[in-house]
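Chain and residue survey
Given next are the chains, with one letter for each unit.
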Amino acid sequence: MDKEQALERHGKTFESGTVLFYEGDPGSKLWIINDGRIKLTKRVCSEEIVIEMLGPGDFCGELALVTNCAQPVTATVEETARLLIIDAAQFENMIRGNGELSVRMLKKLAGRLNEAQFRLSAMQMRNSLGRVMLQLRHEIDNSEAPNKATLPDDLAGILGMDDVELSKCLDKLVDKNLITLKEKVFSIVDRDEYLRFLNFLELNDRYEFVK
């Protein structure tokens with residue numbers, strides 16, 4: 001069965017705002033994105049953190065199937081999406097019969113878990129400017145271009161702040177000549193100076209309430 005046949009038989013279109021599954025739901029399906037975007041979020045205390053934005057070729061729901069545990073995140077359609085839906089039995093057959101798919105999925109899982117751990121640890125920082133700087137450093141470190149990266153979609157949601165607060169933080173970093181920013185592409189002007197200031201914010205955040 002080719003891709004078009006699979007989509008015809010098992011595909012479905014979901015409108016923006018549709019929740020595919022909630023955090024805590026049992027895992028029963030793998031969702032493969034043909035087009036559109038899916039947002040993965042996780043609730044930490046009273047805040048909802050954006051874990052990842054998925055696009056064509058990505059998939060979600062696999063972690064609950066692999067571990068036989070509840071869904072660790074909530075998946076919401078961000079832009080109208082055409083999805084290929086694979087049930088648990090089909091998924092197991094795919095994994096058993098396709099080594100290349102298994103390796104790809106393992107790599108994706110490892111990357112997703114590493115990203116989630118970073119974002120959750122960054123959220124422990126109370127200082128908004130510090131959270132922004134941590135995320136920007138992370139984006140630069142994982143960018144293919146030297147000292148240049150694009151701001152992630154829904155960066156405010158990723159950092160647990162609103163757009164106004166994020167804009168103020170970015171403007172402050174530009175004013176302090178720590179970053180350059182054009183459209184959504186940014187660079188760190190002086191990495192050593194940037195890290196010194198970030199270290200100061202981290203120390204201040206850690207000991208702010210110590211008397």
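Just above sits the structure.
One structure accompanies this document, and this report is about it. (Residues numbered from 1 in each chain as written. Predicted model: local features only at pLDDT ≥ 70, side-chain atom pairs only at ≥ 80, totals over all residues. Heavy atoms only, no water.)

**Describing the packing of helix 5 (residues 128-141) against helix 8 (residues 191-207)**
Two elements in contact, helix 5 and helix 8, have axes whose closest approach is 10 Å; the angle formed by their N-to-C orientations is 140°. Classified by the angle their axes make, helix 5 and helix 8 are oblique. Classified by chirality, the crossing of helix 8 by helix 5 is left-handed. Every residue of helix 8 that contacts helix 5 at Leu-129, Gly-130, Val-132, Met-133, Leu-134, Leu-136, Arg-137, Ile-140 and Asp-141 is listed here: Arg-191, Tyr-194, Leu-195, Phe-197, Leu-198, Leu-201 and Glu-202. Its residues placed into classes, the contact of helix 5 with helix 8 shows 11 nonpolar, one polar and four charged. (Axes fitted to C-alpha atoms, helices over the stretch in contact; angles between N-to-C directions. Helix = DSSP H or I, 4+ residues; strand = E, 2+ residues; numbered from the N terminus. Parallel < 35°, antiparallel > 145°, perpendicular 65-115°, else oblique. Left-handed = near helix turned anticlockwise from the far one by under 90°. Contact = heavy atoms within 4.5 Å. Nonpolar A, V, L, I, M, F, W, Y, C, P; charged D, E, K, R; others polar.)

**A few points about the sheet that holds strand 9 (residues 185-188)**
With antiparallel pairing, three strands are arranged side by side in an open sheet as 7-9-8. The open sheet has two edge strands with one neighbour each: strand 7 (149-150) and strand 8 (179-182). Relative to strand 9, strand 8 runs antiparallel, the two sharing four bridges. Bridge pairing in strand 9 places Ile-179 opposite Ile-188. (Pairing = 2+ DSSP bridges.)

**Notes on the side chain of Ser-187**
By secondary structure assignment, the location of Ser-187 is in strand 9. From its side chain, Ser-187 meets the backbone oxygen of Asn-147 in a polar contact 2.9 Å long. When residues no more than four places from it in sequence are discounted, the contact partners of Ser-187 are Asn-147, Lys-148, Leu-178, Ile-179 and Thr-180. (Polar contact = N/O pair within 3.5 Å; in protein donor to acceptor, adjacent residues only side chain to side chain.)

**With respect to the nonpolar core**
Counting 27 residues, the largest nonpolar core has Val-132, Met-133, Leu-136, Leu-166 and Leu-173 as its most contacted members. Those elements giving two or more residues to this core turn out to be helix 4 (99-122), helix 5, helix 6 (155-159), helix 7 (163-175), strand 9 and helix 8. The element best represented in this core is helix 5, accounting for six residues. With sequence-adjacent residues up to four places away left out, Leu-173 is seen in contact with Leu-129, Val-132, Met-133, Leu-136, Leu-178 and Ile-179. In this structure, Leu-20, Ile-33, Leu-40 and Ile-51 belong to the second largest nonpolar core, which totals 17 residues. (Core = buried A, V, L, I, M, F, W, Y, C linked by side-chain atoms within 4.5 Å. Buried < 20%, exposed > 50% of the residue type's maximum accessible area, 1.4 Å probe, protein only.)

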